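# A structural walkthrough
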Amino acid sequence: MAERLRADLVLEYPFTRTTGPVIGAFLTGLREGIILGIRRPDGTVLCPPTEYDPESSEPLTDLVEVGQSGELMSWTWVDPPRSQSPWDQPHGLGLIRLDGADTPMVHGLLVDGPEGLSVGMRVTARWRPEREGHIADLEGFVPEGAD
Amino acid sequence: MSADPSIPPTALSGEVSLPEKLADVEPVRSVRTPIRLDYDFIPGSASSGYLNAFADRKILGQRSPVDGAVFVPPRGVDPRHGAATPDYVELPDTGHVGGFCVTRLPIPGRDDLEIPYVSAWIHLDGADIGFLGLVAGIDTSEVRMGMRVRAVWKPDDELGRTAENILHWEPTGEPDIPVTAAGTNAWHAKQAAAGEQG
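The notes below deal with the structure included here. (Residues numbered from 1 in each chain as written. Chains lettered and ligands numbered in written order. Predicted model: local features only at pLDDT ≥ 70, side-chain atom pairs only at ≥ 80, totals over all residues.)

## Brief notes about the overall build of chain B
Each helix and strand counted, chain B has three helices and twelve strands in total. Classification of the 198 residues of chain B by burial places 19% in the buried group. Counting only contacts in chain B whose residues sit at least 6 apart along the sequence, the fraction spanning at least 24 positions is 57%. (Helix = DSSP H or I, 4+ residues; strand = E, 2+ residues; numbered from the N terminus. Buried ≥ 20, exposed ≤ 12 C-beta atoms within 10 Å, placed from the backbone. Contact = placed C-beta atoms within 7 Å.)

This is the structure we're talking about:
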């Protein structure tokens, strides 16, 4: 029987997407080192911002700055990260409700191990020094007071 | 809710209000979102036979046991009938262009393709479906459906068990076959002829 054949096959799509004004503003904020949410008619703030109200479907336009620290609402531990993960070390993934926001956002939690994480703990943003307008401009979140 | 769906939603028209801090900075308008899938490709038996034969400069198809239609590349089945196709057929490295496309924009990751280039369905003599190849050795504006072509192979010492052994297809200079008998039209004509005989 002939030797079994195998080959590497890579499918790669180098997409660039246009952002629109709302997501564009959020990413602009990240580049400038601030985090934006968007205010609903009832005064609550969605962060990350969405282009439409999730209940009424009305367009949302009032972008507001939220805090850089907040509460960890839920988390999981990732070990090891997959090859294309933004993080090359084991890390947490958490739902973080930032101060001034009413909804949580997903991001990485940069601690040494899962024993460093608990629901309700305070975490704060850690920024990359070089930023380009991308969610990875935020390196992740660390326990408040750690940096 | 907006009653008239033809009116663009406010959020997409650019009328958003921003915090003071972002009033004078260049807004982000696009974001890179590359997608990459890494496969470890292991061919099945039909494809393995096809690829192994390439090392000997041979192109193999498989014949349908139902009506004799010849498929290339072989996949081990006649997909129309769900019938296994165990019998290989050796095909010549000549055929015609059944259809083609001129590409004038570069493809990321394929710097080896000089634009403009022509990709085409190559219908080998004796095959009933086409397979993809590049057409070269002719000005792109001269490529046409029904044009006779032959394979241009890599040098013998560079042959491997891969369809990449065929560098491209070049015109043979023979007269074109009529468009009505080219590409998938050939199959339809064959079916019609069989119907008349039956």
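## Focus: the nonpolar core
Where a protein is soluble and globular, its nonpolar side chains tend to be buried together. Of all hydrophobic cores here, the largest spans 27 residues; its most connected members are C47 and V66 of chain A. Those elements that place two or more of their residues in this core are α1 (20-32), β3 (35-39), β5 (62-66), β6 (69-78), β7 (91-98), β8 (105-109), β9 (122-127) and β10 (138-143) of chain A. Ranked by residues supplied to this core, first place goes to α1 of chain A with five residues. Other than its neighbours up to four places away in sequence, C47 of chain A contacts I35, G37, V66, L98, A101, T103 and M105 of chain A. With 15 residues, the next largest nonpolar core counts F71, V118, W121 and V149 of chain B among its residues. (Core = buried A, V, L, I, M, F, W, Y, C linked by C-beta atoms within 7 Å.)

## Things to note about unusual backbone geometry
Negative phi values dominate among residues other than glycine, just as trans dominates among peptide bonds. Residues D79 of chain A and P80 of chain A are joined by a peptide bond in cis, for which omega reads 0°. Checked against the element boundaries, P80 of chain A lands in the loop between β6 and β7. Note that the residue after V72 of chain B, namely P73 of chain B, is joined by a cis bond; omega there is -5°. Relative to the assigned elements, P73 of chain B resides in the loop between β4 (70-71) and β5 (77-78). At S57 of chain A, a residue that is not glycine, the phi angle is positive and equals roughly 70°.

## Focus on helix α2 (residues 45-54) of chain B
Residues and elements named next belong to chain B. Residues of α2 that are buried include every one of A46, Y50, L51 and F54, and no others. Taken around the axis of α2, the buried residues stretch over an arc of 125°, which confines them to a single face. Buried positions along α2 lie against β3 (59-63). (Arc of directions from axis to C-beta.)

## What to know about the pairing of β3 of chain A
Residues and elements named next belong to chain A. Where burial is concerned, most of β3 is hidden: four out of the five residues are buried. Pairing of β3 with β5 involves five bridges; the strand directions are antiparallel. Each bridged residue has a counterpart across the sheet, and for R39 the counterpart in β5 is D62. Relative to strand β4 (residues 45-46), β3 is paired through two bridges, and the arrangement is antiparallel. Bridge pairing in β4 places I38 opposite L46. Connecting β3 to the antiparallel partner β4 that follows it, the hairpin turn spans five residues, and G43 within it adopts a positive phi of roughly 95°. (Pairing = 2+ DSSP bridges.)

## Quick look at the sheet that holds β4 of chain B
All names here are of chain B. Strand order in this open sheet of three strands is β4-β3-β7, and the pairing throughout is antiparallel. Each edge of the open sheet carries a strand with a single partner, namely β4 and β7 (88-91). Running over the sheet, α2 touches β3 and β7 and is turned about 150° from β3. (Axes fitted to C-alpha atoms, helices over the stretch in contact; angles between N-to-C directions.)

## As for the interface of chain B and chain A
On the side of chain A, 44 residues touch chain B, which itself brings 37 residues to the contact. At the level of secondary structure, the elements contributing two or more residues to the side of chain B that touches chain A comprise α1 (10-13), β1 (30-32), β2 (35-41) and α2 of chain B. Considering every element that reaches the side of chain B that touches chain A, the biggest residue donor is β2 of chain B, with seven residues. Across the side of chain B that touches chain A, the residue classes tally to 21 nonpolar, eight polar and eight charged. Of the strand pairs in this sheet, strand β1 (residues 7-13) of chain A and β2 of chain B are connected by seven bridges, and their pairing is antiparallel. Across the sheet, the residue bridging to L9 of chain A is Y39 of chain B, located in β2 of chain B. (Nonpolar A, V, L, I, M, F, W, Y, C, P; charged D, E, K, R; others polar.)

## Concerning the environment of V102 of chain B
All names here are of chain B. Position of V102 among the secondary structure elements: in strand β8 (residues 94-103). Residue classification places V102 among the partly exposed residues on the basis of 14 C-beta atoms within 10 Å. Excluding residues within four positions of it along the chain, V102 makes contact with P116, V118 and T140.

## Some remarks on the sheet that holds β5 of chain A
All names here are of chain A. As summarised here, the arrangement of the three strands in space is β4-β3-β5, forming an open sheet in which the pairing is antiparallel. Strands with a single pairing partner mark the edges of an open sheet, and in this sheet they are β4 and β5. Of the strands in this sheet, β3 and β5 are in contact with α1, which crosses β3 at around 150°.

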